[in-house]
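Summary of structural features
Listed below, chain by chain, are the residues.
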4 protein chains.
Amino acid sequence: MQLGMIGLGRMGANIVRRIVRDGHSAVGYERRAEHITELSAELGASFQGSTELEKFVGMLDTPRVVWVMIPAGATGAVIESVAELLEPGDIIIDGGNSRYHEDIRRAKDLEPKGIHYVDIGTSGGVFGLIRGYCLMIGGEAETVAHLDPLLRSIAPGVDTAPRTPGRTGTPSTAEQGYLHCGPAGAGHFVKMVHNGIEYGAMAAYAEGLNILHQANVGNQDDTEHSAEVTPLEHPEFYRYDIDVPEVAEVWRRGSVVASWLLDLTAAELYADPNLDSFGGRVSDSGEGRWTVDAAIDEGVPTPVLAAALFGRFASRGNAVYADKMLSAMRQAFGGHHELPPA
Amino acid sequence: MQLGMIGLGRMGANIVRRIVRDGHSAVGYERRAEHITELSAELGASFQGSTELEKFVGMLDTPRVVWVMIPAGATGAVIESVAELLEPGDIIIDGGNSRYHEDIRRAKDLEPKGIHYVDIGTSGGVFGLIRGYCLMIGGEAETVAHLDPLLRSIAPGVDTAPRTPGRTGTPSTAEQGYLHCGPAGAGHFVKMVHNGIEYGAMAAYAEGLNILHQANVGNQDDTEHSAEVTPLEHPEFYRYDIDVPEVAEVWRRGSVVASWLLDLTAAELYADPNLDSFGGRVSDSGEGRWTVDAAIDEGVPTPVLAAALFGRFASRGNAVYADKMLSAMRQAFGGHHELPPA
Amino acid sequence: MQLGMIGLGRMGANIVRRIVRDGHSAVGYERRAEHITELSAELGASFQGSTELEKFVGMLDTPRVVWVMIPAGATGAVIESVAELLEPGDIIIDGGNSRYHEDIRRAKDLEPKGIHYVDIGTSGGVFGLIRGYCLMIGGEAETVAHLDPLLRSIAPGVDTAPRTPGRTGTPSTAEQGYLHCGPAGAGHFVKMVHNGIEYGAMAAYAEGLNILHQANVGNQDDTEHSAEVTPLEHPEFYRYDIDVPEVAEVWRRGSVVASWLLDLTAAELYADPNLDSFGGRVSDSGEGRWTVDAAIDEGVPTPVLAAALFGRFASRGNAVYADKMLSAMRQAFGGHHELPPA
Amino acid sequence: MQLGMIGLGRMGANIVRRIVRDGHSAVGYERRAEHITELSAELGASFQGSTELEKFVGMLDTPRVVWVMIPAGATGAVIESVAELLEPGDIIIDGGNSRYHEDIRRAKDLEPKGIHYVDIGTSGGVFGLIRGYCLMIGGEAETVAHLDPLLRSIAPGVDTAPRTPGRTGTPSTAEQGYLHCGPAGAGHFVKMVHNGIEYGAMAAYAEGLNILHQANVGNQDDTEHSAEVTPLEHPEFYRYDIDVPEVAEVWRRGSVVASWLLDLTAAELYADPNLDSFGGRVSDSGEGRWTVDAAIDEGVPTPVLAAALFGRFASRGNAVYADKMLSAMRQAFGGHHELPPA
């Protein structure tokens, strides 16, 4: 089967590589010509590409399958442009990080033109080429069924994890690592929640490891404590010098918190035991926010996911004004001497 | 009635002033002689004091009433010293910020000596002289009853707030502003929870005012956003330049969030509209921590009180290691370029 | 000055009463004729009304001032209807609980017609008639200035609270209890955040009082504990039977947490000491959600406000599915015997 | 090498099985004779046991190694009893779930007798026999080194996970799945934090899956909404019927949130898709509480771990009093009609 890929950055190129390995062919569109040249050299006859959108569309067999894999900010405009060039029966896939609201709107906009719209949330990051990509898919059932050969090649496959006890017989697509989640937007909706969970789980590890990191506060000179906080009641309970990188490593085997995130954490801590290469300002890229927005709309309590999100906001200094306000209040009612700016 | 006061700092001296104004007399102990001299000059024959503990005790009528009003760290030793000098039937009051655990222990230790122990959580801060002090009291009922004339003079009095609808007849002591909460430790327990609530309410104001303060993010150059976060979907909704000090002021009258904390906040914001005199490192002084500890022991969910406490920890930089860990994970799975130290 | 009021429910009628008391006149529109009759009887010549919108508009002097005070769900349609009947220079005020997004849109829609739009967030609840209403106002400066005589009569007035230290001379409108916060939407934006803070402060009190309520867990038969949780390490610290209504009362005078919310809490607890008339399902009415949405858009951490909101969601049973999931996991990894449905 | 095991429940017996398989021998103490009989039948000459503590001690080679693997509540008394029977140079291991405070005390108590004390936090649950147990160890370095042959047999071994990139040569013990974390208590300290993280990660999954579960609220009859909450602004965004068990399955392969906890969750959801066998009351067993206690002592912000803990408290009805308080306040200031008890 043939796949058209718009955007040959890391993710787009690796998806092309996975399907070509599996016997499919690919056509690529990318403004940076060298990306096309390199991929052609690597993949040979199974791949051709163009820096011009019209030529790219012309290279595709009908019904065309066009996967858009570019930064979320640019996705809308590109989908509009390519839709102009497509015909009824063609398929557009947004494999990026669009908010699912846009999928619902786009699917409705493209329907009168007879173009089928599919949204695919794609997880796997830099490891997707080897591990395969976990695919969460929204769209019409028949369209998604049509894409099955490609999806199967992109997904990790059932052998990449032990089968869940009780599941026997022909594996479901979920067991292969891809799932049709529902109509337009359902794929990005499920991917959004996936990332929201990721924020929460990441914060759980980070908070816990921070407790280990500071387990020696009972040994510290109490200057900081006496100035700003009440003295430790039991300093004798906090005299551990814990080797955090080794703890992350030991939890990888046999423990309840073993996970791929922990594997990565252990690798980072092995390479940079004190995390000196990081400044502590943590970005957030939309999905975590949208997850909490959705939870609020649904009336679903998500204190953990929200706390994880707010921690990132605070890491970038966005709580400072509120903190100054607290100091102002303390000074006002208690006459506490609050610290001035450094 | 006579009160012995150990510690003539701001709080101790003001309590003495309140009872003397009401016709009682006071004896003070304080190592800094000038505090005694000044208070004697101010209060005349109703006050005498000493820099020696034994002399202080000698000046007291029996049964002696000794109120200890010194920093929490020093309270234990002073209570032990003065207890050596007292006789059966005498009363020791801890009016400071001890953890209630210590009250339970001290009451038990003093019982064999026949000395009565009373713990009084005292709220009012720098305004107590004028407003009166809210007193939360733990100890034996008879002992607390014996102290009633003094407590009534220290407390604000029923006229300082409108009576609660439905309450008629002789006001209860709670309506006067003092309350016997239960046996030893109950006073400091209630005061501890009072402060825990204070943390939560303070954070509620500070967070809300921070939203107002940053209501113009839609006007900002998007450099920060594009580098670290997803762009604002609707910048047109965030183009307000809100005058936060005026908002704090307007809420003081007629609104649901009117409170004494808000009065103080409005005053601080009027004096320093941008809070430039504060560095944003917020101290915590024990009670907020103990409140959450107690909630955990009881199995009572206190997400708001705990979030307020953790915000203070984070304001002092204690989340940085966890934040670096999050950046490390993001780099590992997503190839995200995370910010190095500044 | 004359005010046209659409909606003579409790809030609308009380606003009319306040301005009439202050020498203004009012015209009312209300479908329920008896509301008009009653208000006419009460207010005499200063008030007239109609059950027909066109007649109502016809009774108004130009430039007309039309204050819409009806449930948020109906506001949009009514504003559209009345706008059809107005002329350039007339003013429409939305004094209800609309989301500020709608104000921005409505102001833009009405601009070509020359109709001025003002949004006023109104706090005061059932007590507004006596205490006055705190008014947070968005719109063009000149329009708001034109309304000043009415706003001043509706607001509480400077005498309802002591002036903030440092503020002297002619009181600002904020000190009177009303404030022009910015262009269209700014009034409802500030009111929204006000309510967000209210959620947080309410939860702070509720959590703290719950700790007091359960301060006797050390006396309880440990069946619950042994089955589901670890035994209390120090039951001797949790043997207090705290009189929660009296504690709420005592904090009203002299304490740092004194507030109007606390006054109301004390009144409720006096009337219903065990809160037997409440089922524990807490509603939320939009502003708390929108506040957290805005915080997320701005990147402002609001862990306390969000925790308060999520607590309300959970109170209505919306966490149960998540809780079952936790039990399922516990059973899976630990062989824990988890409780089946009751 | 020989291991003495006190307590032949599931965990104790499985540890014995793992060391015997690896060529070691074991002696067991257990009051329930049938446990000894069965294990003897299974393991033959490599195992012997007794229902009497003195006989058990007599069967052990010196220096004796006694691993206590019984419920936390009984551990202290048993350690005291067995310590009476041991000699200088012998080793006692607490492999249960004691709080690390107790380890510090016990190690100090046993030191004068020349008995070495080791605390081992053991993770692995019902799967430990096959997967091996992750061991977190506290105690003197020489004593832990002496136990190395046994620990290596109990731990999972390096082959149970891919080696962390960059780690080459002889695997560290952490890579084998066991780690000497520090002096007395360090093992249980690290295990405690491990469980704290587990609470947070579990809640992250549960909250996210709950959002998926309720993604169809836009299709629901709005009765609930209109009575208690503001209507959904965009019901069209919440019309998904998501197959939660299939989503849990698809995330197991290739996604960032793949983990052992997710494997278990997928298995539970496959077996009981609507989680009908659970009542939604979630237990907590100490470590989650102690983790937050430790974070508070250290001044480390742990909003995620605390939110997870509080969610469990609330699942058991412990927020109801606070929720009633919120309804009481709402009724008081807004005249809201709050729901009575069902």
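Looking at an unreviewed UniProt entry, chain A carries the name 6-phosphogluconate dehydrogenase, with the source organism given as Nocardia seriolae. You can read under Sequence similarities (unreviewed entry) in the UniProt record for chain A the words "Belongs to the 6-phosphogluconate dehydrogenase family."

**Thoughts on the interface of chain A and chain B**
Counting residues at the interface gives 66 residues for chain A, matched by 66 residues for chain B. Across the interface of chain A and chain B, roughly 6,200 Å² is buried in total on both sides, 61% from carbon and sulfur atoms. Considering only the surface of chain A that becomes buried against chain B, F278, Y321 and F333 of chain A emerge as the three largest contributors, covering 13% of it. Where chain A touches chain B, the interface holds 10 residue pairs in polar contact (both at pLDDT 80 or more). Looking at the side of chain A that touches chain B, the elements that each hand over two or more residues are helix 10 (186-213), helix 11 (223-228), helix 13 (260-271), helix 14 (287-298), helix 15 (303-315) and helix 16 (320-334) of chain A. Residue contributions to the side of chain A that touches chain B peak at 14 residues, all from helix 16 of chain A.

**Here's the deal with the relation of the copies chain A and chain D**
Between the two copies, chain A and chain D, the superposition gives an RMSD of 0.1 Å; the rotation angle is 180 degrees and the shift along the axis is 0.0 Å. Expressed as a symmetry operation, the mapping of one chain copy onto the other fits a two-fold axis. Every residue of chain A has its C-alpha some distance from the rotation axis, and the shortest such distance is that of S259 of chain A, at 1.9 Å. Of all interface residues in chain A, 100% are interface residues in chain D too; the two copies therefore contact each other through one and the same surface.

**A few points about the interface of chain A and chain D**
Listed by partner, the interface residues are 93 residues for chain A and 93 residues for chain D. In total, about 7,700 Å² of surface goes out of reach between chain A and chain D, with carbon and sulfur atoms giving 66% of it. Taken together, chain A and chain D are joined by four salt bridges. R167 of chain D serves as the salt-bridge partner of E246 of chain A, at 2.7 Å between the closest nitrogen and oxygen. If you look at where chain A meets chain D, you find 40 residue pairs in polar contact (both at pLDDT 80 or more).

What counts as what
Per chain, residues are indexed from 1 in the order of the written sequence. Key to labels: chains lettered from A, ligands numbered from 1, both in the order written. The predicted origin of the model limits local features to residues at a pLDDT of at least 70 and limits the giving and counting of side-chain atom pairs to 80 or more, whereas totals for whole chains, interfaces and linings rest on all residues. Side-chain numbers here rest on the full set of heavy atoms in the structure, without hydrogens or water. UniProt positions are given in the numbering used here, feature names are shortened, and annotations may be inferred rather than shown by experiment. The contact criterion used throughout is that any non-hydrogen atoms of two residues lie within 4.5 Å. Defined here as a combined quantity, buried area equals the accessible surface (1.4 Å probe) lost by two parts on assembly, summed across both. Two N or O atoms count as a polar contact when they lie within 3.5 Å, although within protein this holds only if one can serve as hydrogen donor and the other as acceptor, and sequence-adjacent residues are included solely when both atoms are side-chain atoms. Segments assigned H or I by DSSP are reported as helices when at least four residues long, segments assigned E as strands when at least two residues long, and all are numbered from the N terminus. C-alpha atoms of residues with pLDDT of at least 70 in both copies form the basis for the least-squares superposition of the copies. Salt bridges are defined by distance alone: a side-chain nitrogen of Lys or Arg within 4 Å of a carboxyl oxygen of Asp or Glu.

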